[in-house]
Amino acid sequence: MQVYIGVVSTNIFETLNPFWAAVDKKWIEPSVCRLFYVPENSKELRKTSRWLQEISGRYLQPGNLLVDQHPFDDENIPGFVSAVKEIIKAEKEAGNKVVLDVTSAEWNYIPASLMLLAKENRKVVKTVLYHQFSTPVYRETPYPLVPLTEQRLYNLLNVDALEDLSL
């Protein structure tokens, strides 16, 4: 089983588009989506959860994506990292694989923390998604409406330039 971990943004398409692109490209087939959110983004969380259900129904079989919600305090960095670590540990013990999405994180420590956790847990974390657009206007556009030439989906664990960072 595959578990997707993402962070809810104030712009729901920043959260949705990497997931949407990855399932469309058949890079991932998660059964569970764990969304971290700050309480101020509860409205976006509800919208994002509904969209994820719709997207999974279209692209995934059987289309029964379980969406788990994980509130966090954006000022408590150790608390966030600890919560993600616990999820990764539990998924590892269950024999599951984890997909991390760093695209929509509105706080700089989140992508850095997730990349470090991915590096420490390479046996369970095989994918760290980052969805890049040619211009910021596309961040507010649903994935299918963004021209393919104007977007790029990366698995940061498979980017050649990141393989050996020593100079």
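Note that the structure is predicted; figures quoted are calculated from it, not measured.

**Description of the packing of aromatic side chains**
Here the distance between the centres and the angle between the planes together describe a pair of aromatic rings.
Okay, step 1: Within the structure shown, the criterion is met by nine aromatic pairs.
Okay, step 2: Ring centres of Trp 20 and Tyr 143 lie 6.2 Å apart, and the angle between their planes is 45°; this geometry places the pair in the tilted category. Placement of Trp 20 in helix α1 (residues 12-24) and of Tyr 143 in the loop between β5 (125-133) and β6 (151-155) is noted, with a sequence separation of 123 residues between them.
Okay, step 3: What makes Tyr 143 buried here is its relative accessible area of 5%.

**Quick notes on the pattern of salt bridges**
Okay, step 1: Under the definition given, this model contains three salt bridges.
Okay, step 2: One salt-bridge network, held together by shared partners, links Arg 34, Asp 68 and Glu 91.

**Re the pairing of strand β4 (residues 97-101)**
Okay, step 1: Among the five residues that make up β4, four are buried, leaving the element largely enclosed by the rest of the structure.
Okay, step 2: Bridge count between β4 and β5: four bridges; the pairing is parallel. Each residue of the ladder has a partner; that of Val 99, found in β5, is Thr 127.
Okay, step 3: Crossover β4 to β5 through helix α4 (residues 109-120) is right-handed.

Conventions used here
Residues numbered from 1 in each chain as written. Predicted model: local features only at pLDDT ≥ 70, side-chain atom pairs only at ≥ 80, totals over all residues. Heavy atoms only, no water. Phe/Tyr/Trp six-rings, centres within 6.5 Å; stacked < 30°, edge-to-face > 60°. Helix = DSSP H or I, 4+ residues; strand = E, 2+ residues; numbered from the N terminus. Buried < 20%, exposed > 50% of the residue type's maximum accessible area, 1.4 Å probe, protein only. Salt bridge = Lys/Arg side-chain N within 4 Å of Asp/Glu carboxyl O. Pairing = 2+ DSSP bridges. Right-handed = clockwise from strand over helix to strand, strands pointing away.

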